Amino acid sequence: LNAYANDGHWQRALQLMADMHEKGVAPDTMTYSAAISACQKGMQPQRALQLINDMQSMGVPTDAITYSVAINACRKFGHWQKALHLMEDMRGARVTA
């Protein structure tokens, strides 16, 4: 998944996550962070934001890397309000950089 993230192959990263789900393998924080990174590098900020929302709704812990990648995706594509909201979420979750 990290290889897909490094190259911005967001479709492949999301397909791998779907395959994991089908096989009963629950994605963890690192998996989500890599998929969010792939979406950010693949110019898919909305998908990156959806992944962080999915993480939170599924109870997967977020960390500084997860938030950093998601905030960077927002910044890169001019979604400043969402970036600020994520920073507030990060503080509320007591995640430190």
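Residues numbered from 1 in each chain as written. Predicted model: local features only at pLDDT ≥ 70, side-chain atom pairs only at ≥ 80, totals over all residues. Heavy atoms only, no water.

1. Overview of the overall build of the protein chain
Spelled out, the test is: Strands are runs of DSSP state E lasting at least two residues, helices are runs of H or I lasting at least four, and both sets are numbered from the N terminus onward. Radius of gyration: over C-alpha atoms. The globule rule applied is 2.2 Å multiplied by the number of residues raised to the 0.38 power. Under the scheme applied here, a residue whose accessible area is under 20% of the maximum for its type counts as buried, over 50% as exposed, and between as partly exposed, the area being computed with a 1.4 Å probe on protein chains only. What makes two residues a contact is simply this: any of their non-hydrogen atoms within 4.5 Å.
For the protein chain, the helix and strand inventory stands at 6 helices and 0 strands. Mapped in sequence order, the helices and strands of the protein chain form the string α-α-α-α-α-α. For 97 residues, the compact-globule formula gives about 13 Å, and the C-alpha radius of gyration of the protein chain, at 12 Å, lands near that figure. When the backbone C-alpha atoms are referred to their principal axes, the protein chain occupies close to 35 × 25 × 20 Å. The burial tally for the protein chain puts 39% of its 97 residues in the buried class. Within the protein chain, contacts between residues separated by at least 24 positions form 57% of all contacts whose residues are at least 6 apart in sequence.

2. Description of the nonpolar core
Basically, it comes down to this: The term nonpolar core refers to a set of buried residues drawn from Ala, Val, Leu, Ile, Met, Phe, Trp, Tyr and Cys, joined through side-chain atoms within 4.5 Å.
Counting 26 residues, the largest nonpolar core has Tyr-32, Ile-36, Leu-51, Ile-52, Tyr-67, Ile-71 and Leu-86 as its most contacted members. Among the secondary structure elements, those contributing two or more residues to this core are α2 (10–22), α3 (29–41), α4 (45–58), α5 (64–76) and α6 (80–92). Ignoring sequence-local partners within four residues, the contact set of Leu-51 consists of Leu-14, Met-17, Tyr-32, Ala-35, Ile-36 and Cys-39.

3. Section: the packing of α5 against α6
As a reminder of what qualifies: Working convention: axes come from line fits to C-alpha atoms, limited for helices to the stretch in contact. Angles between N-to-C directions cover 0 to 180 degrees. Roughly parallel here means an angle under 35 degrees, roughly antiparallel means over 145, roughly perpendicular means 65 to 115, and every remaining angle is called oblique. Handedness of each helix crossing follows the sense of rotation of the near helix against the far helix: counterclockwise by less than a right angle gives left-handed, clockwise gives right-handed. Ten residue types, Ala, Val, Leu, Ile, Met, Phe, Trp, Tyr, Cys and Pro, are classed as nonpolar, four, Asp, Glu, Lys and Arg, as charged, and the remainder, Gly among them, as polar.
Contact geometry for α5 and α6: axes closest at 8 Å, N-to-C directions at 165°. The pairing of α5 with α6 is recorded here as roughly antiparallel in orientation. At the point where α5 passes α6, the crossing takes the left-handed sense. In contact with Ala-64, Tyr-67, Ala-70, Ile-71, Cys-74 and Arg-75 of α5, α6 contributes Trp-80, Lys-82, Ala-83, Leu-86, Met-87, Asp-89 and Met-90. Across the contact of α5 with α6, the residue classes tally to 10 nonpolar, no polar and 3 charged.

4. Some thoughts on unusual backbone geometry
Here Met-43, not a glycine, exhibits a phi torsion of approximately 60°, which is positive. When you line up the elements, Met-43 lands in the loop between α3 and α4. Under the relative-accessibility criterion, Met-43 is labelled exposed at 55%. Of note, Arg-94 is a non-glycine position whose phi angle comes to about 60°, a positive value. Within the secondary structure layout, Arg-94 lies in the segment after α6.

5. Topic: α5
Threshold: To estimate how far a helix should extend, the number of its residues minus one is multiplied by 1.5 Å. Polar contacts, as used here, are pairs of N or O atoms within 3.5 Å; protein pairs need one atom able to donate a hydrogen and one able to accept it. Residues neighboring in sequence count only if both atoms are side-chain atoms.
For α5, spanning 13 residues, the distance from its first C-alpha to its last is 18 Å, which sits close to the expected 18 Å at 1.5 Å a residue. Buried residues in α5 make contact with α3, α4 and α6. Its side-chain oxygen placed 3.1 Å from the backbone nitrogen of Ile-65, Asp-63 serves as the N-cap of α5.

6. With respect to α2
Selection criterion: Think of the arc as the fan of directions from the helix axis to the C-beta atoms.
Relative to the 18 Å expected for 13 residues at 1.5 Å per residue, α2 spans 18 Å between its end C-alpha atoms, a close match to the ideal helical length. Looking at α2, one finds that the buried residues are Trp-10, Ala-13, Met-17 and Met-20. For α2, the angular spread of the buried residues around the axis is 85°, confining them to a single face. Those residues of α2 that are exposed and aimed more than 90 degrees away from the buried face are Gln-11 and Glu-22. Elements that come into contact with the buried residues of α2 comprise α1 (2–7), α3 and α4. One or two steps after α2, the chain reaches Gly-24, where phi turns positive at roughly 80°.

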